[in-house]
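# Overview (structure and organization)
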Amino acid sequence: LLASFDGLTMDETINWENKLWNESFAARVRDGIAPDTHWPQMEHQLIVSGADKVLFTVSDGGENIVHMWYESDPERRAMVIAGWKQFAEDVRNY
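Just so you know, these numbers come straight off a predicted model, no measurement behind them. (Residues numbered from 1 in each chain as written. Predicted model: local features only at pLDDT ≥ 70, side-chain atom pairs only at ≥ 80, totals over all residues. Heavy atoms only, no water.)

## Considerations on unusual backbone geometry
- The phi angle at Glu-12 is positive, at roughly 60°, despite the residue not being glycine.
- Turning to its location among the elements, Glu-12 is positioned in the loop between strand S1 (7-8) and strand S2 (14-20).
- Residue classification places Glu-12 among the partly exposed positions, given a relative accessible area of 43%. (Helix = DSSP H or I, 4+ residues; strand = E, 2+ residues; numbered from the N terminus. Buried < 20%, exposed > 50% of the residue type's maximum accessible area, 1.4 Å probe, protein only.)

If you want it as structure tokens, here you go:
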């Protein structure tokens, strides 16, 4: 499996993922909620890198920035892995 990282520490224990500012999206991150549109990407990055957590930021590149820490969730991880297995099966059967 491959993943694209916005950042990864030298010891590969922390990933960084940044998304473009959107006020409603930023509000969820302020509340510590990883949006359903993005936690699968972060979970996948943790699987690929073996990192412990992701620093998830939403920023406009200027003064507006919010962040939260995302750590792997076993149920979510299982969903991502099941999705990749199903994808591989679908490709084999195509």
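Text resumes after the structure shown.
## Remarks on the environment of Ala-82
- Relative to the elements of secondary structure, Ala-82 occurs in helix H3 (residues 74-93).
- Spatially, the C-alpha atom of Ala-82 lies 28 Å from that of Asp-31, the residues being 51 residues apart in sequence.

## Some details on the sheet that holds S2
- Reading across from one edge, S1-S2-S3-S4 is the order of the four strands in this open sheet, with mixed pairing throughout. Single-partner strands in this sheet number two, and they are S1 and strand S4 (65-71).
- As paired elements, strand S3 (residues 53-59) and S4 share seven bridges and run antiparallel to each other. Across the sheet, residue Leu-55 finds its bridge partner in S4, namely Trp-69.
- Along the sheet, helix H2 (residues 39-49) contacts S1, S2, S3 and S4; its crossing angle with S2, the most-contacted strand, is approximately 155°. (Pairing = 2+ DSSP bridges. Contact = heavy atoms within 4.5 Å. Axes fitted to C-alpha atoms, helices over the stretch in contact; angles between N-to-C directions.)

## Concerning H3
- A rise of 1.5 Å per residue sets the reference length of H3, with its 20 residues, at 28 Å; its end C-alpha atoms lie 28 Å apart and thus fit the reference within 8%.
- Measuring from the backbone nitrogen of Glu-75 back to the side-chain oxygen at the start of H3 gives 3.0 Å, which picks out Asp-73 as the cap. (Expected span 1.5 Å × (residues − 1). Polar contact = N/O pair within 3.5 Å; in protein donor to acceptor, adjacent residues only side chain to side chain.)

## Brief notes about a negative patch on the surface
- Taken together, the side chains of Asp-11, Glu-12, Asp-52 and Glu-71 define an acidic patch exposed on the protein surface.
- Here Glu-71 is to be found in strand S4. (Patch = residues over 30% accessible without salt bridge, like charges linked within 9 Å, V, L, I, M, F, W, Y side chains within 5 Å. Areas by Shrake-Rupley, 256 points an atom, 1.4 Å probe, with all protein chains shown as cover. Salt bridge = Lys/Arg side-chain N within 4 Å of Asp/Glu carboxyl O. Lys, Arg positive; Asp, Glu negative; His and termini not counted. Charge placed at Lys NZ, Arg CZ, Asp CG, Glu CD.)

## Concerning the packing of aromatic side chains
- Taken as a whole and judged by the stated rule, the model has two aromatic pairs.
- Centroid distance Phe-25 to Phe-56: 6.0 Å. Interplanar angle 80°. Geometry classified as edge-to-face. Pair noted here: Phe-25 is in helix H1 (residues 23-30) and Phe-56 is in strand S3, with a separation of 31 residues, a long-range link. Phe-56 matches Phe-25 in its accessibility class, with the two residues each being buried.
- Summarising the aromatic geometry, the rings of Trp-84 and Phe-87 are spaced 5.7 Å apart at their centres and angled 90° between planes, so their arrangement reads as edge-to-face. Residue Trp-84 and its partner Phe-87 are located together in helix H3, separated by three residues, close to a single helical turn.
- Among the residues examined, Trp-84 registers a relative accessible area of 39% and is labelled partly exposed.
- Stacked on the ring of Trp-69, the Lys or Arg Lys-53 has its end atom at 4.3 Å from the ring centre. (Phe/Tyr/Trp six-rings, centres within 6.5 Å; stacked < 30°, edge-to-face > 60°. Lys NZ or Arg CZ within 6 Å of the ring centre and 35° of its normal.)

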